[in-house]
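# Structural features, examined
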Amino acid sequence: MAKYPFTCALVTGASSGIGQEIAVQLGMSGVSLVLVARRADRLESLAARFKNVEVIVADLSTIDGVGLVEARITDSTKTPIDLVVNNAGFGSSGLMHEIDLDRLSREINLNVLALTRLSHAAAKLMVPQGRGYILNVSSVASFQPGPGSAVYSATKAYVTSFTEALHEELRGTGVRVTALCPGFTRTEFSEVSGTNSIASQVPNFAWLEATDVAREGLRAVTRGKALCIPGALYKGVSAFSGASPRALVRRITALPTRRR
Ligand SMILES: NC(=O)c1ccc[n+]([C@@H]2O[C@H](COP(=O)([O-])OP(=O)(O)OC[C@H]3O[C@@H](n4cnc5c(N)ncnc54)[C@H](OP(=O)(O)O)[C@@H]3O)[C@@H](O)[C@H]2O)c1
């Protein structure tokens, strides 16, 4: 069992997939947990497996929901949180102008605004204490534009850029900030994001397991890495995107939409 330097971790999107795995690995290591998501039943059954677990049922695409979590991070009467994992997120699939605008707004609110506000609350708490950890879950989709999921890729480009900037801003403060950038990972993501038809074409070798992604992310933030890209395949994909002319990368990423 891994040993982590955290006392109390707040994990958003802990009811499923990568967030649930992060919560399980932390819980098994004896870290106190604050679990956040909308599905109370899932959070409660996860909470029942470990000691010292709080549950916050919140819709992080709303300002009220984010406010509940900000209030917990800054609540000095409760166990101080020294790891914040901004993991909750979802995508949308299709041509941007054909996707419901309210859905896209919720996606931006969750993937960008909630993550920014909770990172702000965490940094404000942790910097004066000279210690703390922030793990923001981004995606390999952040390294290139994503025709067919334009808003999702753009939100993740924000997350990676923002998190790397924060990593540098907080260098030397004792607060470690990491962007976790997984590729295709077996979770409920494709179902929720309407990308099942794309996911079904992804070969077996390209899939990551949420347990491995969670483990690598926790290890990376413990070590103070700026960026964590699990799996050799996705390290290669990201390096290719970074080293290639933007026009070429753009054209390659547009191929699936051209075939429609
Ligand atoms: N799976 C992949 O292939 C993949 C690849 C790269 C990056 N990622 C990223 O990994 C992160 C986790 O996704 P996942 O793959 O684990 O997907 P998932 O299984 O669908 O889990 C998403 C989590 O986010 C929570 N969530 C969604 N909307 C929310 C809202 N409005 N308020 C609060 N919580 C909300 C969900 O809980 P409730 O529904 O209970 O609220 C759930 O716990 C996301 O940021 C995603 O973009 C995933």
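First, a word on scope: everything that follows refers to the structure included in this document. All chains use their own residue numbering, which begins from 1 and follows the written sequence. It should be noted that, the model being predicted, local features are given only for residues of pLDDT at least 70 and side-chain atom pairs only at 80 or more, the latter also being counted only at that level, while totals for whole chains, interfaces and linings use all residues. With hydrogens and water excluded, all non-hydrogen atoms of the structure serve as input to the side-chain values.

### Quick notes on a nonpolar patch on the surface
Patch membership requires more than 30% relative accessible area and the absence of a salt bridge. Residues of like charge join within 9 Å; the nonpolar side chains Val, Leu, Ile, Met, Phe, Trp and Tyr join within 5 Å. Only the protein chains shown count as cover for residues, and the accessible areas themselves come from Shrake-Rupley with a 1.4 Å probe. Salt bridge, as used here: a side-chain nitrogen of Lys or Arg that lies within 4 Å of a carboxyl oxygen of Asp or Glu. Together, Phe240, Leu248, Ile252 and Leu255 make up an exposed nonpolar region whose accessible area comes to about 350 Å². Secondary structure elements follow DSSP: runs of H or I of four or more residues count as helices, runs of E of two or more count as strands, with numbering from the N terminus. Per-element accounting of the nonpolar patch gives the leading share, 3 residues, to helix H10 (residues 246–258). As for its position among the elements, isoleucine 252 is in helix H10.

### Quick look at helix H8 (residues 210–223)
For H8, built from 14 residues, the straight-helix expectation of 20 Å at 1.5 Å per residue is met to within 8% by its first-to-last C-alpha distance of 20 Å. Throughout, exposure labels follow a simple rule: accessible area from a 1.4 Å probe, protein chains only, divided by the maximum for the residue type, with under 20% read as buried, over 50% as exposed, and the rest as partly exposed. Looking only at H8, the buried set comprises Ala210, Val213, Ala214, Gly217, Leu218, Ala220, Val221 and Thr222. How far a helix is expected to stretch is found by multiplying one less than its residue total by 1.5 Å.

### With respect to the pairing of strand S1 (residues 8–12)
Taking burial as the measure, the 5 residues of S1 include 5 buried ones, the bulk of the element. Orient the strands so they point away from the viewer, and a crossover whose first-strand-to-second-strand path over the helix runs clockwise is right-handed. For the crossover that starts at S1, traverses helix H1 (residues 17–28) and ends in the parallel strand S2 (residues 32–37), the hand is right-handed.

### Points about the packing of H1 against H8
Packing of H1 against H8 brings their axes to within 8 Å, and their N-to-C directions diverge by 60°. Taken together, the axes of H1 and H8 are oblique relative to one another. The handedness of the crossing between H1 and H8 is right-handed. For the pair formed by H1 and H8, the contact residues are Gly17, Ile18, Glu21, Ile22, Gln25 and Leu26 on the first element and Ala210, Thr211, Val213, Ala214, Arg215 and Leu218 on the second. Note on residue classes: Ala, Val, Leu, Ile, Met, Phe, Trp, Tyr, Cys and Pro are nonpolar, Asp, Glu, Lys and Arg are charged, and everything else, Gly too, is polar. Split into classes, the residues belonging to the contact of H1 with H8 amount to 7 nonpolar, 3 polar and 2 charged. For every element, the axis is a line fit to its C-alpha atoms; helices are fit only across the contacting stretch, and the angle between N-to-C directions ranges from 0 to 180 degrees. Should an angle fall under 35 degrees it is called roughly parallel, over 145 degrees roughly antiparallel, and 65 to 115 degrees roughly perpendicular, with every other angle called oblique. Helix crossings get a hand from a simple test, with the near helix turned counterclockwise from the far one by less than a right angle marking a left-handed crossing and a clockwise turn marking a right-handed one. Contacts were defined at the residue level, with two residues in contact if any of their heavy atoms lie within 4.5 Å.

### Looking at the packing of aromatic side chains
Only rings of Phe, Tyr and Trp enter the pairing, Trp through its six-membered ring, and a pair is recorded when the two centres are within 6.5 Å. The plane angle decides the type: under 30 degrees is stacked, over 60 is edge-to-face, the rest tilted. The full count for this structure, using the stated rule, is 5 aromatic pairs. Between tyrosine 158 and phenylalanine 162, the aromatic rings sit 5.6 Å apart at their centres with planes inclined by 10°, giving stacked as the arrangement. Within this pair, tyrosine 158 and its partner phenylalanine 162 are both found in helix H5 (residues 150–169), separated by 4 residues, close to a single helical turn. Classification of phenylalanine 162 by relative accessible area gives buried; the value is 18%. Seen in terms of ring centroids, phenylalanine 184 and tryptophan 207 are 5.4 Å apart; in terms of plane orientation they differ by 55°. Their pairing is tilted. Of the two residues, phenylalanine 184 sits in the loop between strand S6 (175–180) and strand S7 (185–186) while tryptophan 207 sits in the loop between helix H7 (196–199) and strand S8 (208–209), which places them 23 residues apart along the sequence. Ring pairing ties together the aromatic residues Tyr4, Phe6 and Tyr133, which thus form one cluster.

### A short note on the pattern of salt bridges
Counted under the stated rule, the structure contains 8 salt bridges. In this structure, the salt-bridge partner of glutamate 188 is arginine 42, at a minimum N-O distance of 3.0 Å. One end of the pair, glutamate 188, is in the loop between S7 and helix H6 (189–193); the other, arginine 42, is in helix H2 (residues 40–47), and 146 residues separate them in sequence. Judged by relative accessible area, which is 31%, arginine 42 ranks as partly exposed. Note that aspartate 212 and arginine 215 form a salt bridge whose closest N and O atoms lie 3.1 Å from each other. Note that aspartate 212 and arginine 215 are positioned in helix H8 at a spacing of 3 residues, about one turn of the helix. Here aspartate 212 falls in the partly exposed class, since its relative accessible area comes to 33%. Judged by its relative accessible area of 36%, arginine 215 is partly exposed. Connected via shared salt-bridge partners are Arg39, Arg42 and Glu188.

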